[in-house]
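One-letter residues, chain by chain:
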Amino acid sequence: MNAIEVQDLYKSYNGTRAVNGISFEVGYGELFGFLGPNGAGKTTTISILCTLLKPTAGRATIADLDITRESDKIREHIGLVFQETTLDVELTTFENLLFHAYLYGMSREDAARRIDELLSMIGLQNKRNELVKHLSGGMKRRLELIRGLLHRPRVLFLDEPTIGLDPQTRANVWSFIKEMKRVEGTTIFVTTHYIEEASDFDRIAIIDHGRIVAVGNPQRLLSEMGQATVTFGTADSATAQTLLRHGMHDLGNGAYQIKTEDPDLFLKQVMNLQGLRVNDFKVNKPVLEELYISLTGSEIRDEYVDRPASKRRHTR
Amino acid sequence: MRKIILPIYVITVRDLKKFFRQRSRLIGMIARPLTWLFLIGTGLNQVIRGGLGVSYIQFILPGILGMTILFSAMFSSISIVWDREFGFMKEILVTPVSRFSIAFGKIVSGMLVSTIQGIIIMAAAPFIGIRFTIFEALLLIVFIMVVSMCIAAIGVFIASMIKSFESFNIIMNFIVMPMFFLSGAMYPISVLPAFMRYLMYLNPLSYGIDSFKHVMFVEFAHFHSDFSLFADVVLMIVFTLGSTLLAAVAFNRQQKE
Ligand SMILES: Nc1ncnc2c1ncn2[C@@H]1O[C@H](COP(=O)(O)OP(=O)(O)OP(=O)(O)O)[C@@H](O)[C@H]1O
Ligand SMILES: [Mg+2]
């Protein structure tokens, strides 16, 4: 009884395996992230699940409907926002949405009500009768997002919904997606390149070269990945002694470090000690990006720009 | 029923809106045949003494009408290939709409867009001395619709057989242009050598243009037409039904690869 179930799915394009035996499931109402570098097979997987492509082998169900045998029924229950825009730029915002609603058999009244409601949620009500070619890239993306939700799908597939958006619009898009998940209980399957966006998803899968290399709750994956480090800087020899006694290692130059599962607990213990004279300290928790890079390799692929792993720095 | 009608309605309304909003395309689509008519018609009018009651510019009007239909209906259908990669077609294929109604919707919209242009060209007739009664005009519009539908269906069939837009030039050179020249548009079929004549018999546009001649040159039709009106009508219907069926099947099959 899962929204999505995938078993040993394969897809080859003339010999190259774009999807190379993946299995996972997504529960109803879950926000599920599919992360992976360019060419990992994310779009191919979405196309198969949305019945646009036939798998070479394997089985998958959406809402307990089989993707090959019951594709017609599945299409009534899913929404898809493509990686590339598929709006009709010669038509207005409203026309784009209305035609979509008609294709799902919605009545004009129901469609119009729903369109206005969604447009105002996403802040586009003043663009209702504008030709889509006059909208900005971010507006178009938001428009596609609500088009995907218009017919109240049970499962919504989003292929890179925030690509090319500015940070503020990205944040807006995510809060809208989470709001829809909360209000309508929509199951959401989303691919993204922005790894940090996935840290509060319910579950994620990391895919590389057509294989899933990790799947689970992002926070749990992180804690399984390993330990945080706490580093102190001090010029005081008494303080140094105390830190060493608490298990820290001397890194030289007055720096002391410990690796720990629970940096918060360690800090509480040390900060309660009397007479510490610390100049500087730093806590390094692993972030999703590091996990991701460690699993998919850190080589730069296509448009990937290698960024230094973000660090949390506290100073008192 | 709603499930079959609505997508046809959506596709048609969308294509018509786009058609009327793209002014430059609209103007081009109408200007080209009119330019052909007046430049070629007037020029050759001096060289080719029409005789038998019809001048050359009058003689080619049915052919120019056929050309207009051929280009506009074919273009409308081939846009599927474009839309499949960049837009609307991609979107519509995720919806629960049946593949047959998508294919049929595309045929209907191509038929309407092409009929509108055909009627505009038909309106040029009185200016070059071809007159017809209201009844003949209505009959002509019906023929225009049938030919348009047939070409649109062939277009959908071709669009379902090709994978990418790169094949577009091949289609223009090896299908559209031969269809135009081997249709009796520019010269009567009877002047051609036998093997070309057989190609023309396979070309549905031949019967369409021939039916236009029957209506436009009522008194002189027996000199200028190549087939009987009855044969034209029957064959056009057969071709239209056949190509519509073929288009629907090919479209449906392509989506299943
Ligand atoms: N139509 C196709 N024909 C041949 N190969 C294809 C086709 N579509 C995708 N591929 C190949 O399949 C692999 C997976 O592609 P896919 O589009 O699923 O990747 P992706 O994870 O979505 O990448 P991106 O992040 O760049 O969107 C790639 O190696 C790609 O080259
Ligand atoms: Mg992709």
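This report concerns the structure included in the present document. Because the structure is a prediction, the values reported are computed rather than measured.

The next point concerns the overall build of chain A. Of regular secondary structure, chain A possesses ten helices and 14 strands. Seen along its three principal axes, the alpha-carbon backbone of chain A occupies a region of about 75 × 50 × 35 Å. Residue burial in chain A is summarised as follows: out of 316 residues, 52% are buried. A separation threshold of at least 6 residues defines the contact pool for chain A, and within that pool the share at least 24 residues apart is 69%. Here chain A has roughly 14700 Å² of accessible surface; of this, 46% comes from carbon and sulfur atoms. Counting 39 positive and 42 negative side-chain charges, chain A places the averaged centre of each group 2 Å from the other.

Here we come to the coordination of the magnesium ion (ligand 2). All names here are of chain A. Ligation of the magnesium ion (ligand 2) by protein atoms is provided by Thr43 (OG1) and Gln83 (OE1), these donors lying 1.8 to 2.1 Å from the ion. You can see Thr43 sitting in helix H1 (residues 42–49) and its partner Gln83 sitting in the loop between strand E6 (78–81) and helix H3 (93–103), a full 40 residues away along the chain. Note on Thr43: relative accessible area 34%, which makes it partly exposed. Residue Gln83 is classed as partly exposed on the basis of its relative accessible area, which comes to 27%.

Moving on, we come to the pairing of strand E2 (residues 16–26) of chain A. Residue and element names in this part refer to chain A. The sheet contact formed by strand E1 (residues 4–13) and E2 spans eight bridges and is antiparallel. Looking at E2, one finds that Lys11 is bridged to Val19. Where E1 folds back onto E2 in an antiparallel hairpin, the turn is made up of two residues, including Asn14, whose phi is positive at roughly 40°.

A few words on the sheet that holds E6(A). Residue and element names in this part refer to chain A. Strand order in the open sheet made by the six strands is E6-E7-E8-E3-E9-E10, with mixed pairing throughout. In the strand order of this sheet, the two ends are held by E6 and strand E10 (211–216), each with one partner. For this sheet, the mean angle separating the axes of adjacent strands, direction not counted, is 15°. Docked against the sheet, helix H5 (residues 137–149) engages E6 and strand E7 (155–159), running at close to 170° with respect to E6. Across the sheet, helix H10 (residues 288–296) is in contact with strand E3 (31–35), strand E9 (203–208) and E10; its angle to E9 comes to roughly 35°.

Quite often, the size of an interface is put as the accessible area lost when its parts meet. Contact residues are listed per partner, giving 26 residues for chain B and 27 residues for chain A. Taking both sides of the interface into account, the surface hidden between chain B and chain A amounts to around 2400 Å²; carbon and sulfur atoms contribute 60%. For chain B, the biggest contributors to the area lost against chain A are Glu91(B), Val94(B) and Pro96(B); these three give 27% of the whole. At the boundary of chain B and chain A, one finds nine residue pairs in polar contact (both at pLDDT 80 or more). The set of elements that each furnish at least two residues to the side of chain B that touches chain A consists of helix H1 (2–21) and helix H4 (88–92) of chain B. Among the elements that line the side of chain B that touches chain A, the one with the most residues is H1(B), at eleven residues. Per-class residue counts for the side of chain B that touches chain A are twelve nonpolar, three polar and eleven charged.

Let us look at H3(A). Counting buried residues in H3(A) gives eleven out of eleven residues, a clear majority hidden from the surface. Restricting attention to buried positions, one finds in H3(A) the residues Thr93(A), Phe94(A), Glu95(A), Asn96(A), Leu97(A), Leu98(A), Phe99(A), His100(A), Ala101(A), Tyr102(A) and Leu103(A). Against the buried residues of H3(A) lie helix H4 (108–121) and H5 of chain A together with H1 and H4 of chain B. Directly after H3(A), the chain includes Gly105(A), whose backbone phi takes a positive value near 75°.

Attention shifts here to the site of ligand 1. Residue and element names in this part refer to chain A. In the neighbourhood of ligand 1, 13 residues make up the surrounding shell, with Asn38, Gly39, Lys42, Thr43 and Thr44 lying closest. Between ligand 1 and the protein, one listed contact pairs an oxygen atom with a backbone N or O atom of Ala40 at 3.2 Å. A per-element tally of the shell around ligand 1 places H1 first, with three residues. For the shell around ligand 1, the residue count by class is four nonpolar, seven polar and two charged.

This model, assessed by the stated rule, comprises 26 salt bridges over all chains. Arg14(B) is the salt-bridge partner of Asp88(A), the closest N and O atoms lying 2.5 Å from each other. With Asp88(A) in the loop between E6 and H3 and Arg14(B) in helix H1, this pair bridges two chains. Taking relative accessible area as the criterion, Asp88(A) reaches 5% and is therefore assigned buried. Each of Asp88(A), Arg14(B), Asp15(B), Lys18(B), Asp83(B) and Lys106(B) takes part in salt bridges that share partners, so that together they form one network.

With that settled, consider the packing of aromatic side chains. Applying the stated rule across the entire model yields 17 aromatic pairs over all chains. Their ring planes at 25° and their centres at 6.0 Å tell us that Tyr56(B) and Phe59(B) sit as a pair that is stacked. Placement of both Tyr56(B) and Phe59(B) in helix H3 (residues 56–86) is noted, with a separation of three residues, approximately one turn of the helix. Look at Tyr56(B) and you get buried, because its relative accessible area is 7%. Judged by its relative accessible area of 6%, Phe59(B) is buried. Taken together, Phe24(A), Phe32(A), Phe34(A), Phe157(A) and Phe189(A) form an aromatic cluster joined through their ring pairs. Above the face of the Phe94(A) ring, Arg128(A) is positioned so that its terminal group lies 4.0 Å from the ring centre.

What follows deals with the nonpolar core. A general feature of soluble globular proteins is that nonpolar side chains tend to end up buried together. Met74(B) and Ile151(B) are the most contacted members of the largest nonpolar core, which has 121 residues in total. With 16 residues, H3(B) is the largest single contributor of residues to this core. Those residues in contact with Ile151(B) that lie beyond four places of it in its chain are Ile69(B), Leu70(B), Ala73(B), Met74(B), Met179(B) and Leu205(B). Core analysis: the second largest hydrophobic core is formed by 30 residues, Phe32(A), Leu65(A), Ile74(A) and Val155(A) among them.

Reading the values: the criteria
Throughout this document, residue positions are counted from 1 along each chain, in the order its sequence is written. Chain labels run from A onward and ligand labels from 1 onward, assigned in the order the entries are written. With the structure being a predicted model, the display of local features is reserved for residues of pLDDT at least 70 and the display and counting of side-chain atom pairs for 80 or more, all residues being used for whole-chain, interface and lining totals. Heavy atoms from the whole structure form the basis of all side-chain values; hydrogens and water molecules are not counted. Helix numbering and strand numbering both begin at the N terminus, where a helix is a DSSP run of H or I of at least 4 residues and a strand a DSSP run of E of at least 2. We call a residue buried when its accessible area falls under 20% of the maximum for its residue type, exposed when it is over 50%, and partly exposed in between, using a 1.4 Å probe and counting protein chains only. Between two residues, a contact is recorded if the distance between any of their heavy atoms is within 4.5 Å. Only the protein chains shown count as cover for residues, and all accessible areas are computed by the Shrake-Rupley method using a 1.4 Å probe. We score Asp and Glu as negative and Lys and Arg as positive, and we do not count His or the chain ends. Positions of charges follow a simple convention, taking NZ of Lys, CZ of Arg, CG of Asp or CD of Glu. Metal coordination here is assigned from N, O and S atoms located within 2.8 Å of the ion, or within 3.2 Å for Na, K and Ca; omission of water means that sites may look incomplete. Strands pair, by our definition, only if DSSP identifies at least two bridges between them. Axes, fitted as lines to C-alpha atoms, cover a helix only where it is in contact. Angles between the N-to-C directions of the axes lie from 0 to 180 degrees. The term buried area denotes the loss of accessible surface (1.4 Å probe radius) that occurs when two parts are joined, taken as the sum for both partners. In the analysis that follows, any N or O atom pair within 3.5 Å is treated as a polar contact, provided that within protein one partner can donate a hydrogen and the other can accept it, and provided that, for residues neighboring in sequence, both atoms belong to side chains. Under the grouping applied here, Gly and all other residues not named as nonpolar or charged are polar, the nonpolar ones being Ala, Val, Leu, Ile, Met, Phe, Trp, Tyr, Cys and Pro and the charged ones Asp, Glu, Lys and Arg. Any residue with a non-hydrogen atom lying within 4 Å of a molecule or strand is treated as near it. Take a side-chain nitrogen of Lys or Arg and a carboxyl oxygen of Asp or Glu: if they are within 4 Å of each other, that pair is a salt bridge. In this analysis, rings of Phe, Tyr and Trp, with Trp reduced to its six-membered ring, are considered paired at centre separations within 6.5 Å, and the interplanar angle assigns stacked below 30 degrees, edge-to-face beyond 60, and tilted for intermediate values. Working rule: Lys NZ or Arg CZ, within 6 Å of ring centre, within 35 degrees of ring normal, means a charge sits over the ring. In plain words, nonpolar cores are sets of buried Ala, Val, Leu, Ile, Met, Phe, Trp, Tyr and Cys residues tied together by side-chain atoms within 4.5 Å.

That's the geometry; what it means functionally is another story.
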